[in-house]
Structures are given as C-alpha cells and as structure tokens.
Amino acid sequence: MGFDYLNDLFGRFRKRKSKYTNVENEAIALLKLTIEGSLSYNEIDERFIELHKKYNELIDNGDEYVVDEDTPLWLNQFLAFRFRRWHQWHLLRRMHQEHPEKFSASESEKQYQEILSMRYDRAFLEKCNLCLEELKEAGKV
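Report on the accompanying structure. Every value quoted in this text rests on a predicted model; they were computed, and no experiment measured them.

Where empty space is left becomes clear once a probe the size of a water molecule has been rolled over the atoms. Estimated volume of the largest pocket: approximately 190 Å³. What lines the largest pocket is simply Arg 14, Lys 15, Arg 16, Lys 17, Ser 18, Thr 21, Glu 24, Asn 25, Ile 28, Ala 138, Gly 139 and Lys 140. Looking at the lining of the largest pocket residue by residue, the class counts come to two nonpolar, four polar and six charged.

Structure representation (structure tokens):
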C-alpha cells in the first residue's frame with residue numbers, strides 16, 4: 001500500500017465520498033461564510049469548534065487517530081494550525097473586550113496592542129481564501 005495520499009492534502013485524487021464528506025462540505029461552506037463576512041467572530045469561533053469536534057469524532061479510532069486515504073488532510077492542517085492560532089487570538093480579544101481591567105497594567109495593554117498589530121484576523125482570512133482556492137483546483141468547490 002502506497003502513501004501517495006499524504007501528498008494529496010486537498011483530495012485532488014480522492015473521487016469518492018467517504019465518512020468525511022459531510023464534515024468537509026460543512027467546512028467549505030463555513031470557509032465561504034467566513035470570507036464573505038456573514039458571520040461574527042464569535043460565530044466563526046463557535047462553528048469551527050463544533051466542526052472540529054465532528055472531525056475528531058470521525059478520525060478517532062479509540063486509542064489512536066487514524067489517517068487514511070479518505071482523510072481530508074487540508075482540514076486536519078487547517079483546524080490544527082490556522083484555526084487554532086486564530087482561536088487563541090479571538091479568546092484574547094474577547095477577554096480584552098469583556099474584562100479590560102485585566103489589561104490595566106501598561107505592560108499588559110502594550111503586549112495586547114503588539115499582538116493586535118500582528119493582524120491575525122487578516123492572516124486567518126487569507127488562509128481561508130487559500131484553502132478555498134486549492135479546493136477549487138481540486139474540484140471540491
């Protein structure tokens with residue numbers, strides 16, 4: 001058995017439906033809504049967290065996670081790296097909005113402003129766009 005599918009992150013050569021098809025389609029729809037600006041940051045966060053739970057349920061095989069030729073590796077990579085980083089930023093932003101007193105020390109506020117200048121929202125949208133472009137090329141969108 002070859003492992004060529006490990007290089008096929010976006011499923012260009014996966015032409016059949018699998019147990020991941022519904023969650024992959026849900027992720028694609030969510031990416032589109034995110035890029036369109038149809039969702040609030042809280043909605044993006046909540047919906048991707050819920051999607052991540054569904055994905056984990058599918059990939060979990062008891063004691064281990066199983067990655068096979070049907071696994072949408074793009075989604076695995078997106079959730080583990082791109083969304084996770086944005087999610088952490090979003091939690092910090094919410095804390096800053098809901099509990100500004102926690103940032104009353106000048107150093108805390110300075111650090112927050114430095115993180116704000118990193119433009120995590122913009123970077124996240126760029127990654128969403130990139131995923132959709134790759135998925136279009138793969139015939140998934």
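This is not the end of the story, as more comes after the structure.
Our focus in this paragraph is unusual backbone geometry. One non-glycine residue, Arg 119, adopts positive backbone phi at about 55°. Locating Arg 119 in the fold gives a position in the loop between helix H4 (106–116) and helix H5 (120–137).

This part covers the side chain of Thr 21. Here Thr 21 shows up in helix H1 (residues 21–36). By relative accessible area, which is 15% here, Thr 21 ends up buried. Of note is the side chain of Thr 21, whose polar atom sits 2.7 Å from the backbone nitrogen of Ser 18.

Considering the arrangement of structural elements, one finds Leu 51 in helix H2 (residues 41–59). The exposure class of Leu 51 is buried, given its relative accessible area of 0%. When the C-alpha positions of Leu 51 and Met 95 are compared, they lie 23 Å apart, and in sequence the two are 44 residues distant. In this structure Leu 51 touches Val 23, Glu 26, Ala 27 and Leu 75, once residues within four positions along its chain are discounted.

Basis of the calculations
Residues numbered from 1 in each chain as written. Predicted model: local features only at pLDDT ≥ 70, side-chain atom pairs only at ≥ 80, totals over all residues. Heavy atoms only, no water. 1 Å grid on protein atoms, 1.4 Å probe; cavity = no way out; pocket = protein on both sides within 12 Å on 5 of 7 lines; lining within 4 Å. Points joined across faces, edges and corners; volume = space filled by probe spheres on them. Nonpolar A, V, L, I, M, F, W, Y, C, P; charged D, E, K, R; others polar. Helix = DSSP H or I, 4+ residues; strand = E, 2+ residues; numbered from the N terminus. Buried < 20%, exposed > 50% of the residue type's maximum accessible area, 1.4 Å probe, protein only. Polar contact = N/O pair within 3.5 Å; in protein donor to acceptor, adjacent residues only side chain to side chain. Contact = heavy atoms within 4.5 Å.

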